[in-house]
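For reference, the chains in residue letters:
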Amino acid sequence: MSLKEKYELAKNLKEEGNKLFSNNLFSQAIEFYLKGIKEIENITDLEQSNEVKKLLSILYLNISTCYFKNKDFKNSNLYVDLCLNYDPESIKALYRKAMILKEEKEYEESIKLLKRVLAIDPGNQAAKDSLMQIKETLLKEDKENKDLGSLLTKISTQEFDGNKTRLVNLSIRIDFF
């Protein structure tokens, strides 16, 4: 099979995967995307045209998105990294990775990637919204941690000694990471 035929077959497999994806059949879509990758991944670097590299990048990103939809963040991260190997400036891939990190509560890394997306595409509303959501989450968590810390620093317990009750104040130091 010629390079052109392999490329066209991989494109067709991607389109079939996209149809399955549209119907929320993510596991089946992954199978088609993987078949598409197998058709063109073994072409040596010298033979790979920009079109082939772009298609590989799209197929890897689509697989990452399927895993993300299934809440399999480990595999989603693996495939988004493969996509970024082919296209390190892919806004969609950088955004996907930021969302994976957000879901894994790795907020600092997620923020860095969202800022990178905005450096490439300053008008990217999804990145702006996600950045705001993460900041709100961090503020809320910080407030909850402070409230919890204040609550736990003084705990009153009652000790019973015969007919006498005495109140003992306990101070507890809490470190938040």
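Residues numbered from 1 in each chain as written. Predicted model: local features only at pLDDT ≥ 70, side-chain atom pairs only at ≥ 80, totals over all residues. Heavy atoms only, no water.

A. Expanded view of the packing of helix H3 (residues 50-69) against helix H4 (residues 73-86). Their axes nearest at 8 Å, the elements H3 and H4 cross at an angle of 165 degrees. Classified by the angle between their axes, H3 and H4 sit roughly antiparallel to one another. The way H3 lies across H4 gives a crossing that is left-handed. In this structure, H3 uses Lys-53, Leu-56, Ser-57, Tyr-60, Leu-61, Ile-63, Ser-64, Tyr-67 and Phe-68 to contact H4, whose residues at the interface are Phe-73, Asn-75, Ser-76, Tyr-79, Val-80, Leu-82, Cys-83 and Tyr-86. The residue inventory of the contact of H3 with H4, partitioned by class, reads twelve nonpolar, four polar and one charged. (Axes fitted to C-alpha atoms, helices over the stretch in contact; angles between N-to-C directions. Helix = DSSP H or I, 4+ residues; strand = E, 2+ residues; numbered from the N terminus. Parallel < 35°, antiparallel > 145°, perpendicular 65-115°, else oblique. Left-handed = near helix turned anticlockwise from the far one by under 90°. Contact = heavy atoms within 4.5 Å. Nonpolar A, V, L, I, M, F, W, Y, C, P; charged D, E, K, R; others polar.)

B. Main features of the packing of helix H5 (residues 91-103) against helix H6 (residues 107-120). Their axes nearest at 8 Å, the elements H5 and H6 cross at an angle of 160 degrees. The orientation of H5 relative to H6 falls into the category roughly antiparallel. Once H5 is placed against H6, the crossing between them reads as left-handed. Facing H5, whose interface residues are Ile-91, Leu-94, Tyr-95, Lys-97, Ala-98, Met-99, Leu-101 and Lys-102, H6 presents Tyr-107, Glu-109, Ser-110, Leu-113, Leu-114, Arg-116, Val-117 and Ile-120. The residue makeup of the contact of H5 with H6, split by class, is eleven nonpolar, one polar and four charged.

C. The side chain of Ser-110, seen in detail. Among the secondary structure elements, Ser-110 is positioned in helix H6. Judged by its relative accessible area of 0%, Ser-110 is buried. Once you skip the residues sitting within four places of it in the chain, Ser-110 turns out to touch Ala-98, Leu-101, Lys-102 and Ile-134. (Buried < 20%, exposed > 50% of the residue type's maximum accessible area, 1.4 Å probe, protein only.)

D. Spatial organisation of the nonpolar core. Counting 40 residues, the largest nonpolar core has Ile-40, Ile-63 and Leu-114 as the members making the most contacts within it. Those elements that provide at least two residues to this core are helix H1 (3-22), helix H2 (26-40), H3, H4, H5, H6 and helix H7 (125-153). Of the residues forming this core, the biggest block, ten residues, is contributed by H3. When sequence neighbours within four positions are dropped, the list of residues in contact with Ile-63 reads Ile-30, Tyr-33, Leu-34, Ile-37 and Tyr-79. (Core = buried A, V, L, I, M, F, W, Y, C linked by side-chain atoms within 4.5 Å.)

E. Focus on H3. The end-to-end C-alpha distance of H3 is 28 Å, a good match for the 28 Å that 20 residues give at a rise of 1.5 Å each. A large share of H3 lies buried, amounting to 14 of its 20 residues. Lys-71 sits one or two residues past H3 and shows a positive phi near 60 degrees. (Expected span 1.5 Å × (residues − 1).)

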